Amino acid sequence: MEIGGLPLELWRLILAYLPLRDLGRCGMVCRSWYDLIISLDNTRWRQLCLGCAECRHPNWPIKPEVEPRSWREAFKQHYVASKTWTKNAQDLESSNCLYLFRRKKDRRVLYVGYGCEFENLRTALASANIYDRILLQPGVYEEQNEIILKVPVEIMGQGKLGDVALLVCIDQQCPTSRLCNLVFMPAWFTPVMYK
């Protein structure tokens, strides 16, 4: 079908109802269809980018108050990032040092979060023994000073990847530790997140 057969505004209205897969297929028909799909940047691509729950990886959106130069490119970046997060998040119970933690039979699980026995990560680490598991409830944990890991512990976020964010600087002084299902963000006092 020729694009010139209908006014451009009508084409945009029709294409606003297409799902993502069909938009991609339409963009591969010819150059004029590709240009038409690209011209939907401030309408359909913006709607797809802001409304796609599957693409909400932990860094989505990086700056919500700033509009990107291209909503289509922003959606593409978020889609690829979310696929990377999802692919890496599937195997939470495998790691090279996990057998060390599982060998100790009397290890404790310390719960951190609102309404738990520990309010923050620092107090949980202060009472943790070797190879204990520290389980962080979903939320954002911000520490005011550097945290030092002196004994091997397993720090694990509960929920989906991205539900637990750490705004900390961690200095690992022990031979091993296991960090799992956590998102690190730089703290206000240093650009270093993990030493």
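Overview of the structure. (Residues numbered from 1 in each chain as written. Predicted model: local features only at pLDDT ≥ 70, side-chain atom pairs only at ≥ 80, totals over all residues. Heavy atoms only, no water.)

1. What about the packing of aromatic side chains?
Applying the stated rule across the entire model yields two aromatic pairs. Look at W11 and W33: their rings are 5.2 Å apart centre to centre, the planes differ by 70°, and that puts the pair in the edge-to-face class. A residue pair is termed long-range when its members are at least 10 positions apart, and W11 in helix α1 (residues 8-15) and W33 in helix α3 (residues 31-38) qualify at 22 residues. One exposure class covers both W11 and W33, and it is buried. (Phe/Tyr/Trp six-rings, centres within 6.5 Å; stacked < 30°, edge-to-face > 60°. Helix = DSSP H or I, 4+ residues; strand = E, 2+ residues; numbered from the N terminus. Buried < 20%, exposed > 50% of the residue type's maximum accessible area, 1.4 Å probe, protein only.)

2. Focus on the pairing of strand β6 (residues 164-167)
Both faces of β6 are covered, namely the face carrying V164 and L166 and the face carrying A165 and L167. In the sheet, strand β3 (residues 139-142) pairs with β6 via four bridges, with the strands oriented parallel. Residue E142 lies in a different strand from β6, and its bridge partner there is L167. Across three bridges, the pairing between β6 and strand β9 (residues 183-185) is parallel. (Pairing = 2+ DSSP bridges.)

3. With respect to the sheet that holds strand β8 (residues 178-180)
Here four strands make up an open sheet; going across it, the order is β1-β2-β5-β8 and the pairing parallel. The sheet terminates laterally at β1 (109-112) and β8, the two strands that pair on one side only. Shown here is a sheet whose adjacent strand axes are inclined to one another by a mean of 15°, direction ignored. Where strand β2 (residues 133-136) lies against strand β5 (residues 154-157), four bridges are found, and the strand directions are parallel. When the bridges of β5 are listed, R133 appears paired with E154. (Axes fitted to C-alpha atoms, helices over the stretch in contact; angles between N-to-C directions.)

4. Topic: helix α4 (residues 41-51)
When α4 is considered as a whole, its buried residues turn out to be D41, R44, W45, L48 and C49. Along α4, the residues classed as buried sweep out an arc of 130° about the axis, all on the same side. Across α4 from its buried face, at more than 90 degrees, point the exposed residues N42 and G51. (Arc of directions from axis to C-beta.)

5. With respect to a nonpolar patch on the surface
Taken together, L6, L10, L13, I14 and Y17 make up a surface patch of nonpolar side chains, about 490 Å² in accessible area. Examined against the element boundaries, Y17 turns out to sit in the loop between α1 and α2 (20-27). (Patch = residues over 30% accessible without salt bridge, like charges linked within 9 Å, V, L, I, M, F, W, Y side chains within 5 Å. Areas by Shrake-Rupley, 256 points an atom, 1.4 Å probe, with all protein chains shown as cover. Salt bridge = Lys/Arg side-chain N within 4 Å of Asp/Glu carboxyl O.)

6. Some details on the packing of α2 against α3
Two elements in contact, α2 and α3, have axes whose closest approach is 7 Å; the angle formed by their N-to-C orientations is 140°. Judged by the angle between their axes, α2 and α3 are oblique. Residue-level inspection shows L23, C26 and G27 of α2 in contact with α3, the latter providing W33, Y34 and I37. Across the contact of α2 with α3, the residue classes tally to five nonpolar, one polar and no charged. (Parallel < 35°, antiparallel > 145°, perpendicular 65-115°, else oblique. Contact = heavy atoms within 4.5 Å. Nonpolar A, V, L, I, M, F, W, Y, C, P; charged D, E, K, R; others polar.)

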